[in-house]
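# Structural description and commentary
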Amino acid sequence: MADDRAPTGIYGLDLLIDGGFPRGSLILLAGNPGTGKTIFSAQYIYRGVKEYGEPGIYVSLCESRDAFYKSMMRFGFAFSRLEETGDFRFLDLVTMKGKGVTQIIRMIIDAVYEMKAKRLVIDSFSALVQALEKPIDARILLQTILSRIIRTVKCTTILVSEVPFGSERIGASVEEFVADGVIILRKGEHGEGRLARELSITKMRGTRLTQPLYFFTLEGGFRVFQPLELQRYERKGKFRPITDPPGRFSTGSNDLDRILGGGYPKGGIVLFEIGENISNFNWQLILFPTLANFIANNRGCLIVPIGGSDAGLLASKMKRMYGFTDDELNGLLRVFGLSAGDGMESPYLIKVKGEDIMEDYAVWVRTIEELKNRTGQPILEFVSIDMMEITYGIRGLRRLLGMAVARTRREGNLTIGIVGPGVEHVSKRAAALSDIHLKLIRDHGTPLLYGCKPRTALYAVEIDQASPYPLPRLTQMT
Amino acid sequence: MSVRGMDEKEKSESGRHTPSEEEKRRFINLLVESFVECVRFGDSILRFLELKYGLKKNDILSRPEYFITGLKDLMGGGAAVIERLMIENLYRKVGLECEWGEKTFREYIEEAFEEYIRREENKR
């Protein structure tokens, strides 16, 4: 931790701003009501005291001490206990507003000095400004009093600014010029009208900002989602099978099972639509656990990507990510590939010509029967729908889908069709046939998952760091 | 020249009236008023100077250089403007016309203090 930085205490944020706020800086935290400003500020103070040993002061002009302490217990912030240590002070100035700003500022300065505070929150600066006589006083207060004093004593300060709904301005408009950093919290629409919390870093002195907007959640405290590319995993164990709930196939991910009411329906058709800028790892993080769970439960899996497939690469990913052996994959995994492909031979590669749809479908059905006879269990079929359209054309695809859907339902298997971006005519057709329709999109560097059928909330996708192998951690966005 | 409030012996030897503690206290109040009236949130600035540099209000009279150093540390270049406004305000309060010359902050304050004491004597 660099000494010239004050760790924010906000999960995920320090990595995005070079380790924390510049020490002794003035940070403006603005947002509409209900966007999480108080939780952000409280966490900054609470974790600052508890984990970084930096005394802090919370100045409240909006909420009484009792109300604040009670609401923060929801996040596990026991401020009353923190106060007993002497390293935290809550200045309840709700009733002081009428007594004048000079008195308030004096109380703050006294407390900062007395405690040798390194962290200060003024919640809210907007309320303080309301008590000023002239608009120009806001600038003077900020420029000549707060910012200078704070810099001199190196007390990193958050000024909370309330932005009314519909307003484009941040407070008195002075704050954003004087502040060293500006963070704006808001709710934006993503995933066909679903709301998500957004954090925008519009200014941070001496800091390289790689992107201006991030998503965040308040579940378990204020946490900023990092782009998936920044997350790493290290496999520490082999995939452990999840038992299916009645009438369902587990998705292999407890989080996804929970969202889907236990998993995918037996005999069900799932359409998985992938948006733009989604990497292979992004969608594989959601779908591969289902594949892994079938294999771990000694069930067969058939993957029908046809063109552009690389069976060897797919198998090596299953080994690397989930710890399967060659024997397990050789016995339970089958991958379709064009016979004009790379010519690589392996027990799980099934070569088809890609010319006659009925001929290839016959191979498909035979492969399923072979896997079923071997395991005596239902089969998972992974079908790349857009690749099939390229190979067989739209008419061929429709015919193939019709046959595959009927067979899956009849035999109690599970079919997951995957559609990439730019083929809406295909996805519309497939959506009409599906029981479950999921979409994976990406905004602000974060993959987002939601269900169109059934309609679900929006979930941020991360790697579950508590799992010994890559599983998705799905966090509801509102 | 030195400030009367600082050196009682010197003042007695000059043959003039030695300012009483009450007179000094009233003049210090005038000094503080002069400062607070010319700068917004002056009270807060004085409190900050007290906490950071240990500067009490009566130090503006007895140790004016320290006061100015603290003010410069806090306000940067703006301190010179505040210093000037404060002197003008103080001179008005003691009934002097302020003529800007080569004097230091300490010398202006001493001049104002002497004038204040002279007027207090005349009142008697």
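Keep in mind that this is a model prediction, so the values were computed, not measured. Residue numbers restart at each chain and count upward from 1, following the sequence in its written direction. Whichever chain is written first is A, and whichever ligand is written first is 1; the rest continue in order. Note on the predicted model: pLDDT of at least 70 is required for a residue's local features to be given, and 80 or more for side-chain atom pairs to be given and counted; whole-chain, interface and lining totals, by contrast, use all residues.

So, on to the overall build of chain A. By the criteria applied, helices consist of DSSP H or I runs no shorter than four residues and strands consist of E runs no shorter than two, each listed in order from the N terminus. When helices and strands are counted, chain A shows 14 helices and 23 strands. Three exposure classes are used. Buried residues have 20 or more other C-beta atoms within 10 Å of their own C-beta, exposed residues have 12 or fewer, and partly exposed residues fall in between, all C-beta atoms being placed from the backbone. Taken over 478 residues, chain A has a buried fraction of 48%. Residue pairs are scored as contacts if the distance between their C-beta atoms, which are placed from the backbone, is within 7 Å. Of the contacts made within chain A by residues no fewer than 6 positions apart, 69% connect residues no fewer than 24 positions apart.

On to the overall build of chain B, then. Scanning chain B from N- to C-terminus turns up 7 helices and 0 strands. When the helices and strands of chain B are placed in sequence order, the string is α-α-α-α-α-α-α. Residue pairs in contact within chain B that sit at least 24 positions apart in sequence constitute 55% of those at least 6 positions apart.

All names here are of chain B. Between the first and last residue of a helix there are one fewer steps than residues, each counted as 1.5 Å, and that sum is the expected span. Taking 1.5 Å per residue, 18 residues should reach 26 Å; helix α2 (residues 21–38) reaches 26 Å between its end C-alpha atoms and fits that length. Among the residues of α2, those classed as buried are F27, L31, S34 and F35. Here the buried residues of α2 occupy an arc of 95° about the axis, which is enough to place them on one side. Of the exposed residues in α2, those oriented more than 90 degrees away from the buried face are E21, E22 and N29. Those residues of α2 that are buried are in contact with α3 (42–53), α4 (59–62), α6 (78–94) and α7 (105–123). The arc in question is the one traced by the directions running from the helix axis out to the C-beta atoms.

Let's shift gears to helix α5 (residues 64–75) of chain B. A rise of 1.5 Å per residue sets the reference length of α5 of chain B, with its 12 residues, at 16 Å; its end C-alpha atoms lie 16 Å apart and thus fit the reference within 8%. Every buried residue of α5 of chain B is accounted for by P64, F67, G70, L71 and L74 of chain B. Buried positions in α5 of chain B, seen along its axis, are confined to an arc of 125° and lie on one side of it. On the buried face of α5 of chain B, the contacting elements are α6 (136–153) of chain A together with α3, α4, α6 and α7 of chain B.

Turning our eyes to something else, we now look at the interface of chain B and chain A. Contact with chain B, which involves 10 residues of that partner, is made by 13 residues of chain A. Only α3 and α5 of chain B provide two or more residues apiece to the side of chain B that touches chain A. Of the residues forming the side of chain B that touches chain A, the biggest block, 6 residues, is contributed by α3 of chain B.

A separate point is the packing of α5 of chain B against α6 of chain B. Helix-helix packing is characterised by the crossing angle of the two axes and by the distance between the axes. Residues and elements named next belong to chain B. Where α5 contacts α6, the two axes come as close as 8 Å, and the packing angle between them is 135°. Accordingly, the angle class assigned to the pair α5 and α6 is oblique. Mapping the contact onto sequence places I68, L71, K72 and M75 in α5 and G78, A79, I82 and E83 in α6. For this scheme, ten residues count as nonpolar: Ala, Val, Leu, Ile, Met, Phe, Trp, Tyr, Cys and Pro. Four count as charged, namely Asp, Glu, Lys and Arg, and the remainder, Gly too, count as polar. Class assignment of the residues belonging to the contact of α5 with α6 gives a composition of 5 nonpolar, 1 polar and 2 charged. Comment: axis = line fitted to C-alpha atoms, over the contacting stretch for helices; angle = value between 0 and 180 degrees taken between N-to-C directions. Should an angle fall under 35 degrees it is called roughly parallel, over 145 degrees roughly antiparallel, and 65 to 115 degrees roughly perpendicular, with every other angle called oblique.

Time to look at the nonpolar core. Core membership is restricted to buried Ala, Val, Leu, Ile, Met, Phe, Trp, Tyr and Cys residues, and these are joined into a nonpolar core through C-beta atoms within 7 Å. Residues L291, C301 and Y459 of chain A are the most contacted members of the largest nonpolar core, which totals 173 residues. Residue contacts for L291 of chain A: discarding those within four places in its chain leaves C301, M318, L380 and F382 of chain A.

The next thing to look at is the confidence of the model for chain B. All names here are of chain B. Looking at chain B, pLDDT values average 84 and 86% of them are 70 or higher. Per residue, pLDDT measures the predictor's confidence, with a range of 0 to 100. Confidence over residues 1–12 falls short of pLDDT 50; this stretch has 25 contacts with residues more than four positions distant or in other chains. As a predicted assembly, this complex carries a pTM of 0.83 together with an ipTM value of 0.72.

Residue and element names in this part refer to chain A. Between any two strands, at least two bridges found by DSSP are needed for them to pair. Sheet architecture is open: 9 strands sit in the order β5-β4-β6-β7-β3-β8-β9-β10-β11, paired in mixed fashion. Of all strands in the sheet, those bounded by a partner on one side alone are β5 (88–92) and β11 (223–224). Of the strand pairs in this sheet, strand β4 (residues 56–60) and β5 are connected by 5 bridges, and their pairing is parallel. Bridge pairing links I57 to R89 in β5. Lying on the sheet, helix α4 (residues 101–115) is in contact with β4, β5 and β6 (119–123); it crosses β5 at an angle near 170°.

Moving on to the domain arrangement of chain A. All names here are of chain A. According to the domain assignment, chain A contains domain 1 (5–226) and domain 2 (248–476). For the purposes of this description, domain bounds are those given by an automatic or database domain assignment. For domain 1 and domain 2, the distance between their C-alpha centres works out to 46 Å. Opposite the 11 residues of domain 1 that make contact, domain 2 presents 14 residues. When residues of the side of domain 1 that touches domain 2 are traced back to their parent elements, those giving at least two are β9 (194–204) and β10 (213–217). The biggest single contributor to the side of domain 1 that touches domain 2 is β10, with 4 residues.

What follows covers the environment of L49 of chain B. Residues and elements named next belong to chain B. Residue position: L49 is located in helix α3. Spatially, the C-alpha atom of L49 lies 19 Å from that of R25, the residues being 24 residues apart in sequence. Leaving out residues up to four positions away in the same chain, L49 has contacts with L55 and G70.

The next point concerns the pairing of strand β20 (residues 436–443) of chain A. All names here are of chain A. Judged from the 5 bridges that link them, strand β14 (residues 268–274) and β20 form a sheet pairing that is parallel. Residue pairing for β20: I274 is matched across the bridge by L440. Bridging between β20 and strand β21 (residues 446–453) involves 7 bridges; their strand directions are antiparallel. Along β21, the bridge assignment pairs L440 with L449.

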